[in-house]
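Now for the letters of each chain:
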Amino acid sequence: MSDTPNSKNNTPEVELLKFYPFEISSKKPTLLGYADVRVDGIVIKGFKLLRAKNGGLFIQPPTVNFDGKDYPVVELRSKTLLDRIRRQIVDYYKATENA
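Residues numbered from 1 in each chain as written. Predicted model: local features only at pLDDT ≥ 70, side-chain atom pairs only at ≥ 80, totals over all residues. Heavy atoms only, no water.

1. A closer look at the overall build of the chain
Logical step 1: Across its full length, the chain carries one helix and seven strands.
Logical step 2: The order of α-helices and β-strands along the chain, N terminus first, is β-β-β-β-β-β-β-α.
Logical step 3: Residues counted as buried form 27% of the 99 residues belonging to the chain.
Logical step 4: Across the chain, the fraction of contacts at a sequence separation of at least 24, relative to all contacts at a separation of at least 6, is 34%.
Logical step 5: Within the structure as shown, the chain displays about 6,800 Å² of accessible surface, and the carbon and sulfur contribution to it stands at 51%. (Helix = DSSP H or I, 4+ residues; strand = E, 2+ residues; numbered from the N terminus. Buried < 20%, exposed > 50% of the residue type's maximum accessible area, 1.4 Å probe, protein only. Contact = heavy atoms within 4.5 Å. Areas by Shrake-Rupley, 256 points an atom, 1.4 Å probe, with all protein chains shown as cover.)

2. As for the packing of aromatic side chains
Logical step 1: In this structure the tally under the stated criterion is three aromatic pairs.
Logical step 2: Aromatic pair Phe19 and Tyr92: ring centres 5.9 Å apart, planes at 55 degrees, arrangement tilted. Within this pair, whereas Phe19 is found in strand E2 (residues 14–21), its partner Tyr92 is found in helix H1 (residues 79–97), the two being separated by 73 residues in sequence.
Logical step 3: One aromatic cluster is present, built from ring pairs that chain together Phe19, Tyr92 and Tyr93. (Phe/Tyr/Trp six-rings, centres within 6.5 Å; stacked < 30°, edge-to-face > 60°.)

3. Remarks on the side chain of Asp36
Logical step 1: Relative to the helices and strands, Asp36 is located in strand E3 (residues 30–39).
Logical step 2: Of the side chains with opposite charge, Lys45 lies nearest to the buried Asp36, which makes no salt bridge, at 4.7 Å.
Logical step 3: Engagement of the side chain of Asp36 in a polar contact is seen with the backbone nitrogen of Gly46, the distance being 3.3 Å. (Lys, Arg positive; Asp, Glu negative; His and termini not counted. Salt bridge = Lys/Arg side-chain N within 4 Å of Asp/Glu carboxyl O. Polar contact = N/O pair within 3.5 Å; in protein donor to acceptor, adjacent residues only side chain to side chain.)

4. Describing unusual backbone geometry
Logical step 1: Positive phi values are uncommon outside glycine, yet Asp40 reaches one of about 45 degrees.
Logical step 2: With respect to the helices, strands and loops of the structure, Asp40 is situated in the loop between E3 and strand E4 (42–51).
Logical step 3: Residues other than glycine seldom take positive phi values, yet Asp67 does so here, at roughly 55 degrees.
Logical step 4: Residue placement: Asp67 occurs in the loop between strand E6 (63–66) and strand E7 (69–72).
Logical step 5: Taking relative accessible area as the criterion, Asp67 reaches 69% and is therefore assigned exposed.

5. Details of the nonpolar core
Logical step 1: Of all hydrophobic cores here, the largest spans 17 residues; its most connected members are Val37, Phe47, Leu49, Ile85 and Ile89.
Logical step 2: Among the elements of the structure, E2, E3, E4, strand E5 (57–60) and H1 are those that each provide at least two residues to this core.
Logical step 3: The leading source of residues in this core is H1, at five residues.
Logical step 4: Once residues lying within four places of it in the same chain are set aside, the contact partners of Ile85 are Val14, Val37, Val39, Phe47, Ile59 and Leu76. (Core = buried A, V, L, I, M, F, W, Y, C linked by side-chain atoms within 4.5 Å.)

6. Structural notes on H1
Logical step 1: With 19 residues, H1 ought to run about 27 Å at 1.5 Å a step, and its terminal C-alpha atoms sit 26 Å apart, in line with that.
Logical step 2: Those residues of H1 lying buried are Leu81, Arg84, Ile85, Gln88, Ile89, Val90 and Tyr93. (Expected span 1.5 Å × (residues − 1).)

7. Side note on the pairing of E6
Logical step 1: Sheet analysis places E6 next to E7, joined by four bridges and oriented antiparallel. Bridge pairing in E7 places Thr63 opposite Pro72.
Logical step 2: Counting the residues in the hairpin turn of E6 and E7 gives two residues, including Asp67, whose phi is positive at 55 degrees. (Pairing = 2+ DSSP bridges.)

Shown next, in the form of structure tokens:
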């Protein structure tokens, strides 16, 4: 479940540690599960995997709710890194969904 670093752009290593699936509900977007990811030795817990109304899958970085508002716990400024994390989570989900 890991993605090795790319020597050309020094992209961090991404590894999916654990995926916690949820039963599909009628809410839109649908929460499919939570994932814990390691990025170069740093563990980030609580990525959400969601299904959009159009059927596409996307992730949301972990948030904390305070006074009725969600605030990000981490900010990923690298689109490449966010895409790699998304790919790890979505690929794992699709592989287990079809198993």
